[in-house]
Structures are given as structure tokens and as C-alpha cells.
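# Coordinates in review
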Amino acid sequence: RIIVLSEQEKAVLANRHGRADSDVLANAVPTNEVVPRKPEKSPRSIVYFGRLNREKGLDRIVEACRGLIERDIQFRFNAYGAGPDAESFLAEMRAVCGERFAFCGVADGENKWQALAENDIFLLPSDHEGLPIALLEAMAAGCVPVVRRNDAIAAAVEQGVAGFVVDINDKSEIVERLSFLLNETHDLTALRENARRTIAERYSFDRYLLRLDEIYRKAARCAKGQQGCVL
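Read on for an overview of the structure. What you are looking at is a predicted structure, and each value in this text was computed from that prediction instead of being measured. (Residues numbered from 1 in each chain as written. Predicted model: local features only at pLDDT ≥ 70, side-chain atom pairs only at ≥ 80, totals over all residues. Heavy atoms only, no water.)

### Details of the side chain of Lys-218
With respect to the helices and strands, Lys-218 occurs in helix H9 (residues 205–223). Assessed through its relative accessible area of 18%, Lys-218 is described here as buried. Engagement of the side chain of Lys-218 in a polar contact is seen with the side chain of Asp-23, the distance being 2.7 Å. (Helix = DSSP H or I, 4+ residues; strand = E, 2+ residues; numbered from the N terminus. Buried < 20%, exposed > 50% of the residue type's maximum accessible area, 1.4 Å probe, protein only. Polar contact = N/O pair within 3.5 Å; in protein donor to acceptor, adjacent residues only side chain to side chain.)

### Things to note about the environment of Leu-210
Tracing the backbone through its elements, the reader meets Leu-210 in helix H9. For Leu-210, a relative accessible area of 65% puts it in the exposed group. Considered as a pair, Leu-210 and Gly-130 are 80 residues apart in the sequence and their alpha carbons are 21 Å apart.

### Some words on the pattern of salt bridges
Using the criterion set out here, one finds 19 salt bridges in the structure. Between Arg-19 and Asp-21 there is a salt bridge, with the nearest N and O atoms lying 2.8 Å from each other. Overall, Arg-19 belongs to the partly exposed group, its relative accessible area being 36%. Since its relative accessible area comes to 16%, Asp-21 is described here as buried. A salt bridge links Arg-60 to Asp-127; the nearest nitrogen and oxygen atoms lie 2.7 Å apart. Of this pair, Arg-60 sits in helix H2 (residues 58–70) while Asp-127 sits in the loop between strand S6 (121–124) and helix H5 (133–140), placing them 67 residues apart in sequence. Salt bridges sharing partners connect three or more residues here, namely Arg-37, Glu-40, Arg-44, Asp-120 and Arg-192. (Salt bridge = Lys/Arg side-chain N within 4 Å of Asp/Glu carboxyl O.)

### Some details on the pairing of strand S4 (residues 76–80)
Across the five residues of S4, four count as buried, placing the element largely inside the fold. In terms of strand pairing, strand S3 (residues 45–49) meets S4 through five bridges, oriented parallel. Bridge pairing links Ser-45 to Arg-76 in S4. For the crossover from S3 across H2 to S4, the handedness is right-handed. Note that S4 and strand S5 (residues 101–103) share three bridges and pair parallel. Bridge pairing in S5 places Ala-79 opposite Phe-103. (Pairing = 2+ DSSP bridges. Right-handed = clockwise from strand over helix to strand, strands pointing away.)

Structure (C-alpha cells):
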């Protein structure tokens, strides 16, 4: 069987390729591991969690930070991860951001959840993404996402309700969204709660396992030639 990450992708397969037999199984995260958020600090912080290679949008992150500084917007930026472009990325961020920037290494397990609970905005302007686990984890922890626009991500991040999806090639749009979220006169409580609720209701492990079992049962019926399946 064919598995896709969103209803939008299922529709594309059906409309463009005549494949009506795909099943939607979105990624999921363990919501029971989320820790309470820390009190908000000033200035607000942006966090990057992921592999440090250029296709993750590292150049766009540097340019977005440059744009914020040009507007005299206060922020902190915390980066977590490792990868082939770590050295050059860290050098560029330190040159552009100075003391605003901190590299925090690799975090996993409880340390990862603690780190997410201490940050405000999750930024991921990647070249290509499906439905990143890091995004779902950040939303579960109450970070407000600013991420690339695609079908699976747009299904998870309701625009202006649980975060923002952006045109990754439009620097001004990325900077505008970040500027709005960094403005401490804007209360982020509703965005945070909507992000958390989205994960709890639609991207939890419990929901994932129920859906996976359903897909296996459907496949078994199809294999036996029974009714209730699409061939």
C-alpha cells in the first residue's frame, strides 16, 4: 500500500496519478514526554533543532537573523544539532548575531524536551521537508513554529492559529513573521496552546498506532479480496 503524510498529498496522488488507494498516516510524537514550559524570558528566543546541513535552510536562518538585527529587534537564538555544515554555520551566526547566538550541541531525551520548553519560536526554513518530527516536538512543547510551506506541514500548522508557514524564498516574509512573534506586546499564549492541542489531538503516538492498525487491517482485507478496500 501507499502511505502519505496528509490528506492533501493523498488528493495529489489521486488527481495527478489516478492512485486512489493511498492511506494517510501522519508522523507522531510521544506527548507524555513533554515537560512544563519555563517562564518566558526577555528577549524571546528562537530555536533551531536539527541536522546542521545547508539543505535545512541554514543560509536563510543567517539572513533572517541579519534582517531582525537591521530592524533593531531584540532576540536570542539557540541552535541544537550536528552535521557537515556545523562549523561554517556557527561561524556565520556568531559573526552576525554576536552574543545573541548560542550553540547548545546535541540534546536528546529529557534534555531535548527541557530545551524546547525554554524557547519561544521554532524556525525551520528547509529546502525540502515531509512532516518533520522536530516540528511536531516543538509544537508539543509549546513553541510557535515558523516553517516552510508544504501540504503536510500546512495541515499541521494552521496559519496564524498554531504558527506560521512561509515562502522560504521570501526573506521579508520570514522576517515579518519572526518580528511579530518576537514583539513582546503580542501574547503568544493562544498560539502556544493551539500548537500543543494540535499535536495532542492529531499527532500523538496513541492516534498513530490506531491508524496504523487500521491500515494493516484494510490491507489484509484487500489481500483476501474482501469488501471495504480500494484496489
